[in-house]
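In case you want the letters, here they are:
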Amino acid sequence: MSENRRQIIAANWKMNLTVGQGKKLVNHILEEKDLPCDLVFAPPFTHLSEIKKSITDRDKVFLAAQNCHHESNGAYTGEISTVMLEDMGVQMVIVGHSERRQLFGDTGKWINQKIKACLSRNLQPIFCFGEKLDQREQNQHFETVRKQLNEGLSNLSEAQIQDVIFAYEPVWAIGTGHTATPGQAEEMHQFVRKEISSTSTDQVARSVPILYGGSVKPANASELLHCPNIDGALVGGASLKAKDFLAIVEAVV
Ligand code: PGA
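### Describing the nonpolar core
- One finds Ile9, Leu39, Phe41 and Phe166 to be the most contacted residues of the largest nonpolar core, which totals 66 residues.
- Those residues in contact with Ile9 that lie beyond four places of it in its chain are Cys37, Asp38, Leu39, Val40, Leu225, Gly232, Ala233, Val235, Phe245, Ile248, Val249 and Val252.
- Membership of the second largest hydrophobic core comes to 13 residues, among which are Ile8, Ile94, Ile126 and Ala167.

### Quick look at the pattern of salt bridges
- Enumeration according to the criterion identifies 14 salt bridges in this entry.
- The shortest N-O distance in the salt bridge between Asp38 and Arg6 comes to 2.6 Å. Residue Asp38 is found in strand E2 (residues 38-42), and its partner Arg6 is found in the segment before strand E1 (8-12); the two are separated by 32 residues along the sequence.
- Each of the salt bridges in this network shares a partner with another, and the network as a whole consists of Arg5, Arg193 and Asp231.

### Some points on the sheet that holds strand E5 (residues 124-129)
- Spatial strand order, E1-E2-E3-E4-E5-E6-E7-E8: 8 strands in a closed barrel with parallel pairing. When the angles between neighbouring strand axes are averaged without regard to direction, this sheet yields 25°.
- With 3 bridges connecting them, E2 and strand E3 (residues 61-65) associate as parallel partners. Bridging across to E3, Val40 finds its partner in Phe62.

### Comments concerning the site of the ligand
- Near the ligand lie 13 residues; those nearest to it are Lys14, His97, Glu169, Gly175 and Ser215.
- Measuring from an oxygen atom of the ligand, one finds a side-chain N or O atom of Glu169 at 2.7 Å.
- Between the ligand and the protein, one listed contact pairs an oxygen atom with a backbone N or O atom of Gly236 at 2.9 Å.
- Starting from 280 Å² of accessible surface for the ligand in isolation, the protein chains cover 95%.
- Grouping the constituent residues of the shell around the ligand by class yields 4 nonpolar, 7 polar and 2 charged.

### Remarks on the packing of aromatic side chains
- Under the criterion given, the structure shown has 8 aromatic pairs.
- One aromatic cluster is present, formed by Phe127, Phe129, Phe166, Tyr168 and Tyr212 through successive ring pairs.
- One Lys or Arg, Arg6, reaches over the ring of Phe62 and ends 4.9 Å from the middle of that ring.

### Thoughts on helix H1 (residues 19-29)
- Regarding H1, the residues found buried are Gly22, Leu25, Val26 and Ile29. The arc that holds the buried residues of H1, viewed along the axis, is 95°, so those residues lie on one side.
- Buried residues in H1 make contact with E2, helix H2 (48-55) and helix H12 (242-250).

### Focus on the side chain of Ser200
- On the secondary structure map, Ser200 appears in the loop between helix H9 (182-199) and helix H10 (202-207).
- The buried category is assigned to Ser200, whose relative accessible area is 16%.
- In this structure, Ser200 is in contact with Glu158 and Ile161, ignoring residues within four places of it in sequence.

Conventions and cut-offs
Residues numbered from 1 in each chain as written. Predicted model: local features only at pLDDT ≥ 70, side-chain atom pairs only at ≥ 80, totals over all residues. Heavy atoms only, no water. Core = buried A, V, L, I, M, F, W, Y, C linked by side-chain atoms within 4.5 Å. Buried < 20%, exposed > 50% of the residue type's maximum accessible area, 1.4 Å probe, protein only. Contact = heavy atoms within 4.5 Å. Salt bridge = Lys/Arg side-chain N within 4 Å of Asp/Glu carboxyl O. Helix = DSSP H or I, 4+ residues; strand = E, 2+ residues; numbered from the N terminus. Pairing = 2+ DSSP bridges. Axes fitted to C-alpha atoms, helices over the stretch in contact; angles between N-to-C directions. Near = heavy atom within 4 Å. Polar contact = N/O pair within 3.5 Å; in protein donor to acceptor, adjacent residues only side chain to side chain. Areas by Shrake-Rupley, 256 points an atom, 1.4 Å probe, with all protein chains shown as cover. Nonpolar A, V, L, I, M, F, W, Y, C, P; charged D, E, K, R; others polar. Phe/Tyr/Trp six-rings, centres within 6.5 Å; stacked < 30°, edge-to-face > 60°. Lys NZ or Arg CZ within 6 Å of the ring centre and 35° of its normal. Arc of directions from axis to C-beta.

Dropping the structure here:
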């Protein structure tokens, strides 16, 4: 964590919880009056408008979608556009999550188009990337992440890159209980900052938040969040329980 950069703890609920359960969870979490950092809730599409009501007017609390389509409208059955998300009061969109890449075929090109679609509206993309286990074992993790960054940020201006929230999520750590060590995560975050600097400028690279994701829980949050280049966490499983999520939020301090 750095003193100057924005600190963010984001909850990715994935395909979990009913609207009622989600509202209860958010209301419980927001009983905490003094938030030490920004919070992001990314519920399923169907929950967005109700969760919006629960977080309205709370400083430092943001609403995110878990995906979007890059076109504004058209014959894309089952898809949701950035225009629609903005219209609902959504402020951020998770783009390029490994589950989208692996299970739904999201390609580097689409991810780039989605990031551009977000930035053309008033939506901050939370751009996810990360290597698979075999890529790390074959020492290809830096190359893999470099490629994903280049694809995702392709043809973006400096000002646009400045608006991106980055999230390093090693695939082997997502939902597996295996967290990257603080050393492994910090090393990759430093690498990502260097790559961003070569795509844009040093100033942009120093100022954008880079979150870590992959089995973040109360027991490991503090050591990860205190690494100098880790500016927060993207939390899946542990974001579904108020007590665990709040413990992670408190670990920011
Ligand atoms: P996890 O998920 O915390 O359950 O590993 C993180 C994510 O997929 O964003």
